[in-house]
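Chains, contacts and geometry: an overview
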Amino acid sequence: MISYKGRLLPDNEKETVATSLTDSIDALSVANQEGKRLEWINQNFVVPPYPTDLKDSSMVYDLYSSSFIDATKTIYECESCGRILIQVGKTEQFKSFKPETDDTKGILKGHR
């Protein structure tokens, strides 16, 4: 993990990510009950190379990660000046924002 890198989830994307994940979990549960787990895996992942012997929780994590990354922007913080760089759309371009005070350095570091 990189302490000066993060992801930004726009508020209008929050519901899309949550709905996508809960719908996938519901569909996996039904597939398991109906003995169609492998069909569900084939519908949600590229098999192969995606393994078909993972625990359900691992597959749910992979679905969440994919949905979350699709909905978010990458952000970076300069470790020297605290300037924040935010990805523009899905491009490799970033816009820079400078903090008004110097006490914001390390703002992207986790709280743990």
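That block above? That's the structure.
We now turn to the structure provided with this report.

The next subject is the overall build of the protein. Counting its secondary structure elements, the protein contains 3 helices and 4 strands. Order of helices (α) and strands (β) in the protein, N terminus to C terminus: β-α-α-α-β-β-β. A globule of 112 residues ought to have a C-alpha radius of gyration of about 13 Å, yet the protein, at 18 Å, is considerably larger. Viewed in the frame of its principal axes, the protein has a C-alpha envelope of about 60 × 25 × 25 Å. The 112 residues of the protein split such that 21% are buried. Across the protein, every contact between residues at least 6 apart in sequence was considered, and the portion connecting residues at least 24 apart equals 46%. The distance from the centre of the 14 positive side-chain charges to the centre of the 17 negative ones in the protein is 7 Å.

Now for helix H3 (residues 56-71). End to end, H3 covers 23 Å across 16 residues, agreeing with the expected 22 Å (1.5 Å per residue, within 8%). Taken residue by residue, H3 has Met59, Val60, Leu63, Ser65, Ser67, Phe68 and Ala71 as its buried positions. In this structure, the buried residues of H3 make contact with strand E1 (5-8), helix H1 (11-33), helix H2 (37-44) and strand E2 (73-77).

Sheet analysis places E1 next to E2, joined by 4 bridges and oriented antiparallel. In the strand pairing of E2, Lys5 is matched with Tyr76. Relative to strand E3 (residues 84-87), E2 runs antiparallel, the two being bridged by 3 bridges. Paired with Glu77 across the strands is Ile84, a residue of E3. Where E2 folds back on E3, the antiparallel hairpin that results is connected by 6 residues, among which Gly82 adopts a positive phi of roughly 85 degrees.

Looking now at the sheet that holds E1. Reading across the sheet, the 4 strands line up as E1-E2-E3-E4 and stay open at both edges, with antiparallel pairing between neighbours. Edge positions in the sheet fall to E1 and strand E4 (94-97), since each has one partner strand and no second. The average angle at which neighbouring strand axes cross in this sheet is 25 degrees, direction not considered. Bridging between E3 and E4 involves 4 bridges; their strand directions are antiparallel. Within E4, the position partnered with Ile84 by the bridge is Phe97.

Parameters and conventions
- Residues numbered from 1 in each chain as written.
- Predicted model: local features only at pLDDT ≥ 70, side-chain atom pairs only at ≥ 80, totals over all residues.
- Heavy atoms only, no water.
- Helix = DSSP H or I, 4+ residues; strand = E, 2+ residues; numbered from the N terminus.
- Rg over C-alpha atoms; globule rule 2.2 N^0.38 Å.
- Buried < 20%, exposed > 50% of the residue type's maximum accessible area, 1.4 Å probe, protein only.
- Contact = heavy atoms within 4.5 Å.
- Lys, Arg positive; Asp, Glu negative; His and termini not counted.
- Charge placed at Lys NZ, Arg CZ, Asp CG, Glu CD.
- Expected span 1.5 Å × (residues − 1).
- Pairing = 2+ DSSP bridges.
- Axes fitted to C-alpha atoms, helices over the stretch in contact; angles between N-to-C directions.

This is a description of form; function is not addressed.
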